[in-house]
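# Summary of the model geometry
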Amino acid sequence: MPSPRYADDPVIHAIQQPRLAIESVQPVVEGGRFAAKCLSGKPLTVNAVIFADGHDQLAADLLWRGNGQATWQRVPMQMLGNDRWAASLLIESEGRGEFAIEAWQDIYASFRYELVKKYGAGVPVSLEVQEGAELVRRIRSQAPQETHPELDALVARIEEAQSIEERVAVLVEPALGELMRRAEYRPHLLRSMHYPLDVERQLAQFASWYELFPRSLGSDGRHGTFADVQARIPEIVQLGFDVLYFPPIHPIGSTHRKGPNNSLSAGPDDPGSPYAIGSDEGGHDTVHPQLGSLDDFRELVRVAREHGLEVALDFAVQCSPDHPWLRQHPGWFSWRPDGSIRHAENPPKKYEDIVNVEFYAEAALPDLWLALRDVVLGWVEQGVTLFRVDNPHTKPMPFWEWLIADVRERHPEVIFLSEAFTRPAMMARLGKLGFSQSYTYFTWRNTKAELQAYFTELNQPPWRHCYRPNFFVNTPDINPYYLQRSGRPGFLIRAALATMGSGLWGMYSGFELCEAEPVPGKEEYFDSEKYQLRPRDYQAPGNINGEIARLNQIRRENPALQTHLGFQAYSAWNENIFYFGKRTDDLSNFILIAISLDPERPQEAYFELPLWELGLPDDADLQGEDLMNGHRWTWHGKVQWMRIEPWHLPFGIWRIQTVR
């Protein structure tokens, strides 16, 4: 031991540093500042680069534990080559989890490796055999008590062997690797930092969302009710959806109420925008009386669950000027010098019927934050398990990080969807803060180059670890230009892109009827349902109900389509045909998708089958199955030809398998 006079010397510090390195750990988000996303009950692969000086053999373990667990589970990591190591963990419970990596010099594996090389080369190994016996004794002296009998027996077998050959045979037995691991002889042991995980249920990654306004489901001009929604549930389930999402269902203010098409004057029968939340009848914790009672809502949630649907609510942190909070807590809002309330604005847009809360007003801390948290918890108590959050990028990031963590600590099953159409850095940050999934730029990605680049980006770090894209094809706020001019084939194209591109997709009612009449020159719906009732005949001619139901069924039957991950673009020599694959890690489920982006004209292309990914030569046979109609065939060779006619079906979805 160095003498005390060297205690503060830099050399002592250097001597105490690890000889191993653990680098490039994945999945990790910003060095562990935020939790990477994973699913309960599903394996998660962890990768790292692990190395040391010299040529000694190394060993590594992956350690993990779920929410509240004191004991670590561990599994050996496998070396993949070029210092890369990997192993998989599995956490059953939802909530927070964490993992770490331990690595050490595997002295016995190094000894055995050298012994095998020397003995095989005819080099005398009598001293090596003695060293091996001594190494086993040294390991035994530090090993857990329960391994002593096996290690003692190993020493005895070495000593009793009658020849060098027999002793070598004992020392190189493959089964000794497992014994030495249990003996826990781990010189230069190094543990990484503990990396957090956000463990969620499957619905956070794989779900089909259907949005509707309950108030529009009444007949003969009547305001719809929760009972009317119940009547439509079997039809929505038949379409294959598993999340039923409502815009705000709260009382609507009358001050500055908006009329049809966002006009500034509303008639006595105009319902107003549901985003102008609050009136004398209540605020965020109350239901609009024309929809029904809170008991009626709970009954709707119950019936939906019986049919396999979960209800999602809009959490919009804004108020009408008539919201009770303005009277009860005026300090929670921003007031102008003339004493008037500051209305919400997004210049040049102005929302005269909405006022925003002031998160950092002195009178609002912490009561406003707690009140908003309690709104969410109150709806969870009513059976709501998913929340679509309106414009979260315009509210403080620390608020969301705290609120989501607080709610999910109590109710880890709750899922938050971010409606943030904003800058990429903010969209990713909201995912890091805890949002389970997010709206995306998908709505405005139309060309082959745009789609391929975007799908690829979402599959790469850091996005793949912190952000789950929900590909909504339309919303009450967004009537995309593409849909305005593309007709029925265009709606099928966007539905195929969304359902095949991500495990999460959504549509706002009316999409199945190919509704597209815009406000001229804008990406908005004419006669928008945000400002008026919009009853529909959901079986009207020209609907695409059958195609949507089949697309959702295909997703349920094919694990490769239940996530945005596993995407790979392939070659199709036509810029109007977007051709890609989705596959599970073990390639047991492999789907090819070809989508014509031209809603008007037929498109043809030669394309490549990814035979190389299946370990097949370029002239191999491959079985194909059209998942839209069940037709089966056998392809011969790598290069094939396709023709897509938009008036028939503007896409093909093929499951491939090797020929048996």
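Rules of the game
Residues numbered from 1 in each chain as written. Predicted model: local features only at pLDDT ≥ 70, side-chain atom pairs only at ≥ 80, totals over all residues. Heavy atoms only, no water. UniProt positions renumbered as here; feature names shortened; annotations may be inferred. 1 Å grid on protein atoms, 1.4 Å probe; cavity = no way out; pocket = protein on both sides within 12 Å on 5 of 7 lines; lining within 4 Å. Helix = DSSP H or I, 4+ residues; strand = E, 2+ residues; numbered from the N terminus. Contact = heavy atoms within 4.5 Å. Polar contact = N/O pair within 3.5 Å; in protein donor to acceptor, adjacent residues only side chain to side chain. Pairing = 2+ DSSP bridges. Axes fitted to C-alpha atoms, helices over the stretch in contact; angles between N-to-C directions. Expected span 1.5 Å × (residues − 1). Bend = angle between axes of the 7 residues up to and from the residue. Buried < 20%, exposed > 50% of the residue type's maximum accessible area, 1.4 Å probe, protein only. Points joined across faces, edges and corners; volume = space filled by probe spheres on them. Nonpolar A, V, L, I, M, F, W, Y, C, P; charged D, E, K, R; others polar. Salt bridge = Lys/Arg side-chain N within 4 Å of Asp/Glu carboxyl O.

### Re the UniProt feature "binding site: alpha-maltose 1-phosphate" (unreviewed entry) in the protein
When the UniProt feature table is mapped to this numbering, "binding site: alpha-maltose 1-phosphate" (unreviewed entry) covers Lys258, Gln318, Asp353, Asn391, Lys530 and Tyr531. Cross-referencing the annotated residues with the lining of the largest pocket gives Lys258, Gln318, Asp353, Asn391, Lys530 and Tyr531. With respect to the helices and strands, the residue lysine 258 is situated in the loop between strand E12 (243–246) and helix H8 (294–306). Setting aside its immediate chain neighbours within four residues, lysine 258 contacts Ser263, Leu264, Ala266, Gly272, Lys350, Tyr351, Glu352, Asp353 and Tyr531. Side-chain polar atoms of lysine 258 contact the side chain of asparagine 262, separated by 2.9 Å. Tracing the backbone through its elements, the reader meets lysine 530 in the loop between strand E20 (504–508) and helix H16 (545–557). Excluding residues within four positions of it along the chain, lysine 530 makes contact with Phe213, Arg215, Gly272, Ser273, Pro274, Pro476 and Asp477.

### Section: the sheet that holds strand E23 (residues 590–596)
Sheet architecture is open: 6 strands sit in the order E21-E22-E23-E28-E25-E26, paired in antiparallel fashion. Edge strands, defined here as strands with exactly one partner in the open sheet, are strand E21 (567–569) and strand E26 (632–636). With strand direction ignored, the average angle separating the axes of adjacent strands in the sheet is 30 degrees. Relative to strand E22 (residues 577–583), E21 is paired through 3 bridges, and the arrangement is antiparallel. In the sheet register, glutamine 568 faces E22, and the bridge partner there is glycine 581.

### Things to note about helix H15 (residues 481–501)
Look at H15: only 20 Å from first C-alpha to last across 21 residues, short of the 30 Å you get at 1.5 Å a residue. When the local axis directions of H15 are compared, the greatest deviation, roughly 135 degrees, occurs at glycine 487, which is followed within four positions by the proline proline 489. Of all 21 residues in H15, 16 are buried; the element is thus mostly enclosed.

### Remarks on the side chain of aspartate 598
One can find aspartate 598 in the loop between E23 and strand E24 (603–608). Of note is the side chain of aspartate 598, whose polar atom sits 2.9 Å from the backbone nitrogen of glutamate 600. When residues no more than four places from it in sequence are discounted, the contact partners of aspartate 598 are Ile493, Asn576, Gln603 and Pro646.

### A closer look at empty space enclosed by the protein
Vacant regions in the atomic arrangement are exposed by a probe of water-molecule size rolled over the atoms. Under the definition given, this model contains 5 cavities of 30 Å³ or more. There is about 90 Å³ of room inside the largest cavity. Elements supplying a minimum of two residues to the lining of the second largest cavity: strand E13 (310–315) and helix H10 (367–381). Of the residues contributing to the lining of the second largest cavity, the split by class is 9 nonpolar, 1 polar and 1 charged.

### Quick look at the pattern of salt bridges
Applying the stated rule across the entire model yields 52 salt bridges. Where arginine 201 meets glutamate 310, a salt bridge forms, and the shortest distance between an N and an O atom there is 2.8 Å. Note that arginine 201 is positioned in the loop between strand E10 (195–200) and strand E11 (207–211) and glutamate 310 in strand E13, a separation of 109 residues in sequence. Arginine 201 gets classed as buried once you look at its relative accessible area, which sits at 14%. In this structure, arginine 410 and aspartate 406 form a salt bridge, with 2.7 Å as the shortest nitrogen-oxygen distance.

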